[in-house]
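Inside the fold
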Amino acid sequence: MLMTREAPTFVQVTEIWVPDGDVLIHAGGNYAGKDGFAESSVRTSFAKGEGLPGKAWAEGRPVVLKRFDGSYFLRAEAAAEAGLTAAVAIPVFDGDTLKAVLVVLCSEDAEHMGAIEVWEDKGGVLVLNDGFYGAAQEFEFVSQHTTFSYGQGLPGGVWAAGVPILMRDLGKGYAFLRADAAGRAGLSTGIGIPLPSPTDSTYVFTLISAEGTPIARRFEIWDARATTVGPAKEALLVDGLCEVEGPLWSGRNPDFDAPRAAAWRGPVGQVLGTGLPFISTGPGLPAGYGSMVALPVYHGGELAHVVAWYL
Amino acid sequence: MEKLVVIGAGMASGRVLEHLFDAAPGAFDVTLFNAEPRGNYNRIMLSPVLSGEKSAEEIVTHDADWYARHGVATRFGERVTAIDPARKVVTGENGEVPYDKLVIATGAAPFIVPLPGHDLPGVIGFRDMEDTGAMIAAAATPGATAVVIGGGLLGLEAAAALRLRGMEVTVLHNSGHLMNRQLDEAAGYLLEKDLARRGIKVITRAGTERIDGDGKVEKVVLGDGTEIAASLVVMSAGIRPRAGLGMAAGLAAGRAITVDAQMRTSDPDIFAVGECVEFEGNLFGLVAPLYDQARVLAKTLLGEEDAFVMRELSTKLKVTGCDLFSAGDFAEGEGREDIVFRDPARGIYKRLVIEADRLLGAVMYGDTADANWFFGLIKDGTDISEMRETLIFGPAFQGGGGPSADPLAAVAALPPEAEICGCNGVCKGTIVTAINGGAQTLETVKAQTKASASCGTCTGLVEQVLAVTLGAAFEAGGAKPVCGCTELTHEDVRRLIKARELKSQAAVWQELGWTTKDGCHVCRPAINYYLLADWPLEYRDDPQSRFVNERNHANIQKDGTYSVMPRMWGGMTTPEELLAIAAAAKKYDAAVKVTGGQRIDLLGVKKEDLPAIWKDLNDAGMVSGHAYTKGLRTVKTCVGSDWCRFGTQDSTGLGIKLEKRLWGSWTPHKVKLAVSGCPRNCAEATCKDVGIVCVDSGYQIGVAGAAGMDVKETERLVDVATEEEAIEWSTAFIQLYRENAKYLDRPYKWVAKVGLGWVKEILSDAAERRALNARFDVSQSVYQTDPWAALVTEEERKSWSSPLMDMSREAAE
Amino acid sequence: MSWIDIGALDDIPPRGARLVRTGKGCVAVFRTGADEVFALDDACPHKGGPLSEGIVHGTSVTCPLHNRIFDFATGAAQGADSEVTRTYPAKIEAGRVLLDLSRLSGRSAA
């Protein structure tokens, strides 16, 4: 198996923060060799409203921060040393209860193409709340001037269906209203995730990966709803794509033979068991991947889906 | 090595090759023709490719490498033009290939409905990668709109996919509900709702007439004249087997190439597999039986024994976020029983069909967790008698009790600021405070908070708040459910139909958690009325939910004959009309009765004579008198100022105007009016639902009188000066009654419940009166029609009451 | 069994009925909301009401005259009412409604 794991990646650092009383404490992360930033992070905690994770908690919505200098970002100095310039905090809510905050950090330079976006329902259409695009500036501009109705495009599709959706070949004019700009930026695969919020707003979070600087080389969507798997703490792999293993979905209809994950078994099983995001840097990941992030999505009082991405 | 030629590289033949190469690599020298310029791909995944949720590469089953590895000579993009069974050769566009064994796997073609314009560019069947590519290209144009003809599995998948691509999409479906082959009405309703949430417009009973466009598709036109703009029309009206090649070669065929259980055609060296075959009269479209056929055919080719058998099928709609499953048999049969489970809050519907302790079929919407288990029970024919009671709850509940729905849970979940009484703006918190302060009955809550003190439609809700707050200490008093199908009262149902915009009976049954599949004789007429009164344009009257009199536009008598009564506007008639009535009475041997409402009733008419007598009366200029309806009956008048020396106004003229305005309207119960020309009241206006008494200064309008089981004098609604005002007020009152009363409450009963004060308060607002009149007009635009005149041709009249079959003569001989 | 093709399923409205007239009275052929077919004598055993004119719900019909509810499968009235009306085997094949009226012959003698 020949894969260039050393290739530059869009996301440099991923970390998990979980509430402990009235503060958020560090609960794992993948710092990819940025030891200084890792050290300063492990020792930190955030009160509600404090720093980027605390802000996402307090405001009940995902927050994009594209400049650390002079901002509320508390670890600015360590981040600067590690070459990190932007961050996105994704709060995971189960109803009104905060389960965790997932933070991804990136560096902005001329090489890194990709998109991490937050779409918000504004009076019946989804508009871009904010996003980080690295060097994909044309795509950023198009996105800022695009809105999505119910059922339209990746964000509108996620919004209407209420479930995560994985889309392929975005740049080839496939099902993607921003296809031309995406094609020129080399953006190929996108995953959209509905983000429940205790506020009145609806948010859709999208990760769009480019082949040169991928966010991930493998994506998985697991369905954990009781209406799909019954009362057991299990999940079915309903869609997935892997550069090594190819399509991960069942070709059957109905897909009775889809792979199943059980609580506490394997990385996805950790999410099913704890109900929290999970970050692993191996070993034991499928197809020899070196790292993975798994994000739980809650809906209607239950852990409804798990979205996982691997590098 | 034996020469095997395969025509068609689809899913069935691909599976045959896989089996062959697995079991006996090198046994055959294979040549594979495919009209499409590519090898085998997973055709059932074309919809996700169309939506962008899968890529074209991902659904390739066999790539060039696979064919090379197994030594398959591929002739892709080459059509086979003929088979010569005598010489055992196949002729392709690029030359002949001899065979020892031949497999025909030509599949099926989409059925293009031969509508005018079906051959315009932009009309596409949804079948292969080319179609998919063409649709993707069509969707790339900004502002592109699509119409999908056919609301079956594939059509709906195409619609959702095109919507995801940003198109405006309309689905036209001929049947009454979507996916009518796989789903029942309730599940079809949920599906339609789900698609609407995605911005997809669905038109059922569409009656597509033609496709229009100048050089390319521009619009689709329906039978009712509706035009839908479309730059793309997707035909998804089913498939037809591609059996022509086999038939031309002289193979036995019905609708497709006939095969035996070994997949052998009438020629011993020619086999067929997949959608182009017919086995014991059955055609195939789903993939599971195709794979079974492939396994059998591979064994047959290798000289092993196997036989194809029909199995139960199941299917799932591939629209992300739409959880739908259907399996097994819903067809007719005596002794079958349904188990229905609905959870309106979560949009869940499940139905099981059971016969003789076996599960025959299952439909699931919104909750498919147990689909595999149910499908297993169906396939295996498991005896389910032991678990019958809890079967619908799935395997997890076997041996344990199922979850019980708490009807009060929804009310308990309402926040304190939720408004309970819309009339007086009372919220839940206020009511709870009053209850905790000692108001422990409906009456005291009403007195202290004014909740349910006006129109009364929230009475049920207030009682539920009482029940939630007080628990067992409160016993709901007097709030009777509509019938055994529901816990809800008429008031609840009316309120919820409006508030939740329920526009079909299936919607009411599902959203309000009906416990029966399709209601009963008590609730169906009521729900039918509420729907047509609240949604005159959206809802279509259902004759099968009407009592016999309203369905047959005549009153059934105790001997099974009917009475027929033509309308006489305001009780006025003419010699010509009387002659026609007399002639009809003689012709159809009817008894003649003058009624209390100033009409002539013809009694004892046989059902089969009804259309003819209606036509005779129609021909004489008369229309149905609606003496059989819960609707406007008669306006009785006195002769008024034209003739009577005491008459103060033209009471006859006003009566005629009122009747011409109001006739044909459906109401919760019958409505009778009268107009008297002076206070001597010869028209007996003071015991009518609406009774107008003319005086020198104008018109006194009384309402809510009764002269039936109860006798009650009207109460004065208002005094007005002009005829126009009298008509406006009367109409507004009737419309208010139509919108708010419980089915089978006469106006006097309704007014007693809501209070005349409330009625007066509403109607004294001129804008409100105008709005009520406007809504009445909308309803009349649909319902003011003469049902007698609906039968236009002699053929229609003849067939209206004719038996499906008449065997009386044969049997007598 | 001797099945007689009496017409197309589509000729009967869903949740409705059509008649088959025979020398020994009329037989009502019902179609349910789930597209099943059943056949009963068209005369209610109570007062002779035409069952074909009743409201069809689930797998039963309510007599239009006095609201007795008859179960299609058994022909028996629901609840406290004890009447039973005669049923005839009916089925659908390829969209056609087939009826077996062999029980009819015994009717005049009964």
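Procedures and definitions
Residues numbered from 1 in each chain as written. Chains lettered and ligands numbered in written order. Predicted model: local features only at pLDDT ≥ 70, side-chain atom pairs only at ≥ 80, totals over all residues. Helix = DSSP H or I, 4+ residues; strand = E, 2+ residues; numbered from the N terminus. Buried ≥ 20, exposed ≤ 12 C-beta atoms within 10 Å, placed from the backbone. Contact = placed C-beta atoms within 7 Å. Nonpolar A, V, L, I, M, F, W, Y, C, P; charged D, E, K, R; others polar. Expected span 1.5 Å × (residues − 1). Pairing = 2+ DSSP bridges. Axes fitted to C-alpha atoms, helices over the stretch in contact; angles between N-to-C directions. Parallel < 35°, antiparallel > 145°, perpendicular 65-115°, else oblique. Left-handed = near helix turned anticlockwise from the far one by under 90°. Core = buried A, V, L, I, M, F, W, Y, C linked by C-beta atoms within 7 Å. pLDDT = per-residue confidence, 0-100.

Quick look at the overall build of chain B now. Helix and strand content of chain B: 26 helices and 39 strands. Put simply, chain B has 813 residues, and 48% of those count as buried. For chain B, the proportion of contacts with a sequence separation of at least 24, taken over those separated by at least 6, is 62%.

For the rest of this paragraph, the subject is the overall build of chain C. A count of helices and strands for chain C gives zero helices and ten strands. Burial statistics for chain C: of 110 residues in total, 50% are counted as buried. For chain C, contacts bridging at least 24 residues in sequence account for 39% of all contacts bridging at least 6.

Taken residue by residue, the interface counts 32 residues in chain A and 37 residues in chain B. Broken down by secondary-structure element, the contributors of at least two residues to the side of chain A that touches chain B are helix 5 (153-161), strand 9 (165-167), helix 7 (226-229) and strand 14 (246-247) of chain A. Taken together, the residues of the side of chain A that touches chain B break down into 17 nonpolar, 13 polar and two charged.

Residues spaced three or four apart along an α-helix face the same direction, because each turn holds 3.6 residues. Residue and element names in this part refer to chain B. With twelve residues, helix 20 (residues 651-662) should cover 16 Å at 1.5 Å per step; its first-to-last C-alpha distance of 16 Å lies within 8% of that length. All buried positions along helix 20 are accounted for by Ser 651, Thr 652, Leu 654, Gly 655, Leu 658, Glu 659, Arg 661 and Leu 662. Check the buried side of helix 20 and you find it contacts strand 32 (632-637), strand 33 (671-676), strand 34 (690-695) and helix 21 (723-740). At the C-terminal side of helix 20, Gly 664 shows a positive phi close to 90 degrees.

Quick look at the interface of chain C and chain B now. Between chain C and chain B, the contact holds 35 residues from the first and 30 residues from the second. Residue assignment for the side of chain C that touches chain B shows that the elements contributing at least two residues are strand 1 (3-8), strand 2 (16-22), strand 4 (37-41), strand 5 (55-57) and strand 9 (90-93) of chain C. Sorting elements by how many residues they give to the side of chain C that touches chain B places strand 2 of chain C first, with six residues. A class-by-class count of the residues in the side of chain C that touches chain B yields 16 nonpolar, ten polar and nine charged. In this structure, strand 39 (residues 805-806) of chain B lies alongside strand 2 of chain C, joined through two bridges in parallel fashion. Residue Asp 806 of chain B lies in a different strand from strand 2 of chain C, and its bridge partner there is Arg 21 of chain C.

Residue and element names in this part refer to chain B. If you trace the five strands from one edge of the open sheet to the other, you get 21-22-25-24-23, paired in antiparallel fashion. The open sheet terminates on both sides in strands that have one partner only, identified here as strand 21 (314-316) and strand 23 (336-343). Neighbour-to-neighbour, the strand axes of this sheet turn through a mean angle of 15 degrees, independent of strand direction. Against the sheet, helix 9 (residues 371-380) touches strand 21, strand 22 (324-328) and strand 25 (358-365), its axis set at about 155 degrees to strand 25.

Let us now look at the sheet that holds strand 5 of chain C. Residue and element names in this part refer to chain C. With respect to topology, three strands assemble into an open sheet ordered 5-6-7, the strand pairing being antiparallel. This sheet does not close on itself; its edge strands, each paired only once, are strand 5 and strand 7 (69-71). Sheet twist, expressed as the mean angle between neighbouring strand axes with direction ignored, is 25 degrees. Across three bridges, the pairing between strand 5 and strand 6 (residues 60-62) is antiparallel. Following the sheet pairing, Ile 55 is matched in strand 6 by Thr 62.

Checked against the element boundaries, Phe 393 of chain B lands in the loop between helix 9 and helix 10 (409-413). Taking the C-alpha atoms as reference points, Phe 393 of chain B and Asp 370 of chain B, separated by 23 residues in sequence, lie 8.5 Å from one another.

Turning our attention to the environment of Arg 495 of chain B. Of note, Arg 495 of chain B is situated in helix 14 (residues 490-499). When the 20 C-beta atoms within 10 Å are taken as the criterion, Arg 495 of chain B is described as buried.

All names here are of chain B. Look at helix 1 (residues 11-23) against helix 8 (residues 287-301): their axes get within 8 Å of each other, and the N-to-C directions meet at 40 degrees. When the axis of helix 1 is compared with that of helix 8, the two are oblique. When you trace helix 1 past helix 8, the crossing you get is right-handed. Together, Met 11, Ala 12, Arg 15, Val 16, His 19, Leu 20 and Ala 23 of helix 1 and Val 287, Leu 290, Tyr 291, Gln 293, Ala 294, Arg 295, Leu 297, Ala 298 and Leu 301 of helix 8 make up the contact between the two elements.

Let us look at helix 18 (residues 575-587) of chain B. Compared with an ideal rise of 1.5 Å per residue, which puts 13 residues at 18 Å, helix 18 of chain B spans 18 Å between its outermost C-alpha atoms and is within 8% of the ideal. In the segment just after helix 18 of chain B, Asp 589 of chain B is the residue with positive phi, at about 55 degrees.

This part takes up the nonpolar core. Counting residues in hydrophobic clusters, the biggest one holds 104 residues, and the most contacted among them are Val 101, Leu 187 and Val 306 of chain A. Counting 97 residues, the second largest nonpolar core, distinct from the first, contains Leu 324, Leu 359, Leu 488 and Ile 497 of chain B.

Before going further, it helps to spend a moment on the confidence of the model for chain C. All names here are of chain C. Across chain C, pLDDT averages 86, with 93% of residues at or above 70. The secondary structure element of chain C with the lowest average pLDDT is strand 1, at 90, and the one with the highest is strand 5, at 94. In the model output, the complex is listed with pTM 0.64 alongside ipTM 0.84.

To continue, consider the confidence of the model for chain B. When pLDDT drops low, the exact placement of atoms in the prediction is not to be read closely. Scored by pLDDT, chain B has a mean of 88; 95% of the residues are at 70 or more. Below pLDDT 50 for its whole length, residues 399-407 of chain B participates in four contacts with residues either more than four positions away or in separate chains.

Here the focus is the environment of Val 548 of chain B. Following the sequence through the fold, Val 548 of chain B ends up in helix 17 (residues 548-552). When the C-alpha positions of Val 548 of chain B and Tyr 628 of chain B are compared, they lie 9.3 Å apart, and in sequence the two are 80 residues distant. The contacts of Val 548 of chain B, once residues within four sequence positions are left out, are Ile 556 of chain B together with Glu 53 and Pro 64 of chain C.

On to unusual backbone geometry, then. Residue and element names in this part refer to chain B. Despite not being glycine, Arg 205 has its phi angle at roughly 45 degrees, a positive value. In this structure Arg 205 comes out as partly exposed when scored by C-beta crowding, with 14 C-beta atoms within 10 Å. One non-glycine residue, Met 263, lies in positive phi territory at about 70 degrees. Note that Met 263 resides in the loop between strand 18 (257-258) and strand 19 (270-272).

Residue and element names in this part refer to chain B. Within strand 10 (residues 145-149), five of the five residues are buried, which leaves it mostly tucked inside the rest of the structure. Bridge analysis of strand 10 against strand 11 (residues 168-173) gives five bridges, and the strand direction is parallel. Bridging from a neighbouring strand, Val 147 pairs with Thr 170 of strand 11.

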